[in-house]
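Architecture at a glance
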Amino acid sequence: MSVLVYVEQAEGKFKKSGYEAVSYAFAIAQNLNTNVVAISIGNVDSSELATLGNYGASKVLNVGNPQLEKIVNQAYAAVIAEAAKKENANVVVLSNSFSGKGLAPRIAVKLNAGLVDGAVELPQTNGEFSVKKTAFSGKAFAVTTLSSENKVIALNPNAFGTKENATNASIEDFSPEVKSSDLTAMVKEIIRATDKVSLPDAEIVVSGGRGLKGPENWGMVEELADLLGAATACSKPVSDADWRPHSEHVGQTGIAISPNLYIAIGISGAIQHLAGVSSSKVIVVINKDPEAPFFKVADYGIVGDAFEVVPKIIAALKNHKA
Ligand SMILES: Cc1cc2nc3c(=O)[nH]c(=O)nc-3n(C[C@H](O)[C@H](O)[C@H](O)COP(=O)(O)OP(=O)(O)OC[C@H]3O[C@@H](n4cnc5c(N)ncnc54)[C@H](O)[C@@H]3O)c2cc1C
């Protein structure tokens, strides 16, 4: 028996959320007295594969099939399920990322497994196997007990953090047969919307709302984000009005994020917005209206005009960096 973890990569480099998934799998494996096998799919070199040992993987399965260089949900799910069978793994862990959301249910069906998506804590493994997860677009938590023999857990990014557990990982090539019926929809090309930090993976997000009045005022949001190494986001009306691209829209109908720090500037904090950001670790709200609902969920609040407050924060950060 072992715990299998699928580790996402982009352009040959593992994502931080992938290392987090390995750290999480290692903690589960320790509770179950077993070891972690990681699986990497795509073109990743051996030195990068070896880094998975730093987070507790004792074996890494490397699927270098060129047909699988870019993600194909059906084929990836089949390969991961095959790996789980080969390694006799009855717990499969992956990140609840955009790709993970497509893969986890497919893997669960193939393994006849119970599925928990959006896990936020380690499973309780005393007798039962119960996992805490977010529910109702992040407005509540649910504890799900899995009674099936096989289990698939998709971990919310930033919920557990990366934890180093130095282990010597052996690397093994794994070449399961890929059915042509699993390759009917292929990703031909990936065109990046931006070369900046990707929003779902960002540890810090600076977000702007209608309080910023217009697209011409986003310079200060971008400057603050650059200084913090953050991604930028926005509320729905802002992207609806084309002030910002739809790829930045967060909330119930946009991307759900859980960064370590979310800075909301001129955003009221409507329930649909909070649905996508409330699991951020620390929330800072800048709003000129002290009654803005966002302050109720803020860890730090600044009541003030964004056009005065944000330039002061930028100046202070520049000072600090100098
Ligand atoms: C089905 C449905 C789904 C939705 N999905 C989403 C979603 O996914 N994401 C989302 O964001 N919204 C969503 N909405 C819309 C949501 O209900 C709100 O209308 C929206 O979030 C409000 O955006 P906002 O806070 O930017 O704008 P407003 O509500 O207009 O708030 C602007 C805020 O800026 C403050 N402000 C104004 N001037 C300044 C200044 N100079 N300095 C500082 N603060 C200032 C104001 O006090 C105010 O609080 C959805 C709505 C529905 C019905």
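Quick caveat, the model's predicted, so the values are computed rather than measured.

As for the packing of aromatic side chains
- For the coordinates displayed, the defined rule picks out 6 aromatic pairs.
- With a centroid separation of 6.1 Å and an interplanar angle of 65 degrees, the aromatic rings of Trp 218 and Trp 243 are classed as edge-to-face. Here Trp 218 is found in the loop between β12 (204-208) and α5 (219-228), whereas its partner Trp 243 is found in the loop between α6 (236-240) and β14 (261-265), with 25 residues between them in sequence.
- Taking relative accessible area as the criterion, Trp 218 reaches 1% and is therefore assigned buried.
- Pairwise contacts between aromatic rings join Phe 14, Tyr 19 and Tyr 55 into one cluster.
- Lying over the aromatic face of Phe 141, Lys 132 brings its terminal NZ or CZ to 4.4 Å of the ring centre.
- Across the ring face of Phe 160, the terminal group of Lys 163 is positioned such that the distance to the ring centre comes to 4.1 Å.

Points about the site of the ligand
- Around the ligand lies a shell of 26 residues, among which Ser 235, Thr 253, Ser 268, Gln 272 and Asn 287 are the nearest.
- A distance of 2.9 Å is found between an oxygen atom of the ligand and a backbone nitrogen or oxygen belonging to Gln 252.
- Between Ser 268 and the ligand, the recorded distance is 2.7 Å, taken from a backbone N or O atom to an oxygen atom.
- Contact with the protein chains hides 76% of the accessible area of the ligand, taken as 980 Å² for the molecule alone.
- If you list the elements that add at least two residues to the shell around the ligand, you get α6, α7 (271-277) and α8 (306-321).
- Residue composition of the shell around the ligand, by class: 6 nonpolar, 14 polar and 6 charged.

What counts and how
- Residues numbered from 1 in each chain as written.
- Predicted model: local features only at pLDDT ≥ 70, side-chain atom pairs only at ≥ 80, totals over all residues.
- Heavy atoms only, no water.
- Phe/Tyr/Trp six-rings, centres within 6.5 Å; stacked < 30°, edge-to-face > 60°.
- Helix = DSSP H or I, 4+ residues; strand = E, 2+ residues; numbered from the N terminus.
- Buried < 20%, exposed > 50% of the residue type's maximum accessible area, 1.4 Å probe, protein only.
- Lys NZ or Arg CZ within 6 Å of the ring centre and 35° of its normal.
- Near = heavy atom within 4 Å.
- Polar contact = N/O pair within 3.5 Å; in protein donor to acceptor, adjacent residues only side chain to side chain.
- Areas by Shrake-Rupley, 256 points an atom, 1.4 Å probe, with all protein chains shown as cover.
- Nonpolar A, V, L, I, M, F, W, Y, C, P; charged D, E, K, R; others polar.

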